[in-house]
Amino acid sequence: MIRKVIIICTLITINIVFAKANIVENKDLVYDQNIQTVLLYPPSDQLLAPVIRLNSTDKLRLSFDDMSPESYQFKYTFVHCTEDWQTSDLDQMDYLDGFFEEDITQYEFSLNAIPPYIHYDLVFPERDMQIKLSGNYILKVYLNSSDDEDVIFTRRFFVVEPLVRVEVDIPYYPKNLEFVRKKQQIDFTLITPDLFSAEPEQRIRVTLQQNGRWDNIKENLKPTSVMMNQLNFNYSEGIVFEGGNQFRNFDMKSYNYQSMYIKEILSDPDGYVVILHTDQPRANKPYSVIEDIAGRKLIKARNDQDTRTEGEYAWVEFWLNQPRIKDADIYILGALNSWQLDDLSKLRYDSRYNMYKGRLYLKQGYYNYLYVVVPKGETRGSVSVIEGDHWETKNQYSVYVYYRERVPEYDRLIGYSTFNSFSVSTE
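The structure presented is a predicted model; accordingly, all values stated were derived computationally and were not measured.

Some remarks on unusual backbone geometry
Following isoleucine 114, the chain continues to proline 115 via a peptide bond in cis, the omega torsion being -5°. Looking at the element boundaries, proline 115 is found in the loop between β8 (106-109) and β9 (118-124). Following valine 407, the chain continues into proline 408 via a peptide bond in cis, with omega recorded as -10°. Along the chain, the position of proline 408 falls in the loop between β29 (396-405) and β30 (410-420). Unlike most non-glycine residues, asparagine 211 shows phi in positive territory, near 55°.

Shown next, in the form of structure tokens:
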């Protein structure tokens, strides 16, 4: 009975949070508390980024669960964005062929799951709604219209024209020697065809992303020098990210046993509560290799379950044995919360135990996460305070190369590349 009250109170809190979010943003956000586990990925691999090639047969799969008791006729559309995720000035007819919206028609009711839910699936682009231009896109899912009050959730995805090649290096000795064995400096060069030789300093922009994070991305990077079919990005201080640490993880593909890092699994007629072992700060500990999936999540139930409709949910409790940090907040961060530094992911300090505590509502699967510290009034998080800062950390980076087209005026995505820090690092 006590756990039921806790769950109800938490859901009320979630309701309040979403009630305030009445302005739709071009981010990975959910605006209806009934929507859980939104996934967007190439059908071949749940862990791949949502990127497709222009004028190809590439597809993306969208799936999500709706905790509502009845099914709905959800609709979706695409919104073209600039390189910094502002809605572009293009009309939909400029970047879409065929219809401007479609219905999500595939859904299944859950089986024996507590609480019950309805699972929705979509594979796109569909035949009657094709994408004509490359760039950044928002997938917008809604009920009756695409107006803000009807939007259920939004997700980013990318359409790329693979026209440039990216060459990357992460030197052992960065330009700022204070960062040795801590930060990761990214040096890169673009190998470009003649098509993009005109005004490269004005038209070329590059975005660098570490793992799946959006709070610490490097945007609006311009070439510092131009050679024949080659653009160099050689900044005086370098392009630097925190090395951080390997992601923490927990495996709750099954509620029948307690895997490593799970302290206790509680169940009753209202569902499950998974309590993780108390996490300890790692800032002053030596680096150790822990295999991870770069902060991502793998939604997967037991082999005898159909994850889509038989996977069950649990409240997952996080405990961090960290003294209280003044003038800053601590957040859980990873794909488990869509990389959002929001109120749902913020830890609360429990003075009874002198520890931080957080809770997330998650479906069966395998999850990565880190703890980040965000000073009051800021939006960028730091992992080094709690997790440590190591040059050896196996981070995954993504490079997005944009070219400003004049007629019509929009940002083409002409290059996309991913690389792991350990595979390109040099002495």
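Thoughts on the sheet that holds strand β4 (residues 60-66)
The strand order β2-β4-β9-β8 describes an open sheet built from four strands, whose pairing is antiparallel. The two strands at the open ends of the sheet, each matched to only one other strand, are β2 (35-41) and β8. Strand after strand, the sheet turns through a mean of 15° between neighbouring axes, direction not considered. Pairing between β8 and β9: four bridges, direction antiparallel. In the strand pairing of β9, tyrosine 107 is matched with tyrosine 120.

Concerning the sheet that holds β29
If you trace the four strands from one edge of the open sheet to the other, you get β16-β15-β29-β30, paired in antiparallel fashion. Of all strands in the sheet, those with a lone pairing partner are β16 (218-221) and β30, marking the two edges. The mean angle between the axes of side-by-side strands here comes to 15°, regardless of whether they run parallel or antiparallel.

Some points on the pairing of β29
For β29, a buried count of eight out of 10 residues is recorded, marking the element as mostly surrounded by other parts of the structure. Looking at chain direction, strand β15 (residues 204-210) and β29 are connected through seven bridges and run antiparallel. For glutamine 209, the partnering residue across the bridge sits in β29 and is serine 398. Two elements, β29 and β30, share 10 bridges in a ladder whose sense is antiparallel. Looking at β30, one finds that tyrosine 397 is bridged to phenylalanine 419. Counted between consecutive antiparallel strands, the loop separating β29 from β30 contains four residues.

Comments concerning the side chain of serine 345
Note that serine 345 resides in the loop between β25 (328-333) and β26 (348-350). Among the residues examined, serine 345 registers a relative accessible area of 1% and is labelled buried. With sequence-adjacent residues up to four places away left out, serine 345 is seen in contact with Ile330, Tyr331, Ile332, Asn337, Gln340 and Leu360.

Notes on the pattern of salt bridges
Overall, the coordinates contain 31 salt bridges when judged by the stated rule. Notably, a salt bridge pairs aspartate 28 with arginine 156, separated by 3.4 Å at the nearest N-O pair. Placement of the pair is aspartate 28 in the loop between α1 (2-20) and β1 (29-30) and arginine 156 in strand β12 (residues 151-160), with a sequence separation of 128 residues. This pair shows no difference in class: aspartate 28 is buried, exactly as arginine 156 is. Residues arginine 213 and aspartate 215 are paired through a salt bridge, measuring 2.7 Å at the closest nitrogen-oxygen approach.

Section: the nonpolar core
Ranked by internal contacts, the top residues of the largest apolar core, which has 31 residues, are Leu62, Phe78, Phe124 and Phe157. Among the elements of the structure, β2, β4, β5 (75-81), β9, β10 (129-131), β11 (135-142) and β12 are those that each provide at least two residues to this core. Not counting residues up to four positions away in its chain, the partners in contact with phenylalanine 124 are Leu40, Lys59, Leu60, Leu62, Tyr76, Phe78, Leu139 and Phe157. One finds Ile265, Val316, Ile330 and Leu360 within the second-largest nonpolar core, a separate group that totals 27 residues.

Examining the confidence of the model for the protein chain
As a general rule, the predicted coordinates of low-pLDDT regions are not to be interpreted in detail. Per-residue confidence for the protein chain gives a mean pLDDT of 92, with 93% of residues at or over 70. Contacts for the low-pLDDT stretch residues 1-21, under 50 throughout, to residues beyond four places or in other chains number 22 contacts.

Concerning the packing of aromatic side chains
Under the definition given, this model contains 35 aromatic pairs. For the ring pair tryptophan 319 and tyrosine 353, a centre distance of 5.5 Å and an interplane angle of 80° mean the geometry is edge-to-face. Taken together, the positions of tryptophan 319 in strand β24 (residues 313-320) and tyrosine 353 in the loop between β26 and β27 (355-363) put the pair 34 residues apart, joining distant regions of the chain. Taking relative accessible area as the criterion, tryptophan 319 reaches 12% and is therefore assigned buried. For tyrosine 353, a relative accessible area of 47% puts it in the partly exposed group. Grouped by ring-pair contacts, the aromatic residues Phe64, Tyr72, Phe74, Tyr107, Phe109, Tyr120 and Phe153 constitute a single cluster. Sitting over the ring of tryptophan 214, arginine 156 keeps its end group 3.8 Å from the ring centre. Lysine 218 extends its terminal NZ or CZ atom over the ring of phenylalanine 241, reaching a point 5.1 Å from the ring centre.

What about the environment of asparagine 337?
In this structure, asparagine 337 sits in the loop between β25 and β26. When its relative accessible area of 10% is taken as the criterion, asparagine 337 is described as buried. Once the C-alpha coordinates of asparagine 337 and arginine 296 are considered, the two residues, 41 residues apart in sequence, prove to be 9.8 Å apart. Dropping the residues within four chain positions of it, asparagine 337 is found in contact with Ile332 and Ser345.

Criteria and thresholds
Residues numbered from 1 in each chain as written. Predicted model: local features only at pLDDT ≥ 70, side-chain atom pairs only at ≥ 80, totals over all residues. Heavy atoms only, no water. Helix = DSSP H or I, 4+ residues; strand = E, 2+ residues; numbered from the N terminus. Pairing = 2+ DSSP bridges. Axes fitted to C-alpha atoms, helices over the stretch in contact; angles between N-to-C directions. Buried < 20%, exposed > 50% of the residue type's maximum accessible area, 1.4 Å probe, protein only. Contact = heavy atoms within 4.5 Å. Salt bridge = Lys/Arg side-chain N within 4 Å of Asp/Glu carboxyl O. Core = buried A, V, L, I, M, F, W, Y, C linked by side-chain atoms within 4.5 Å. pLDDT = per-residue confidence, 0-100. Phe/Tyr/Trp six-rings, centres within 6.5 Å; stacked < 30°, edge-to-face > 60°. Lys NZ or Arg CZ within 6 Å of the ring centre and 35° of its normal.

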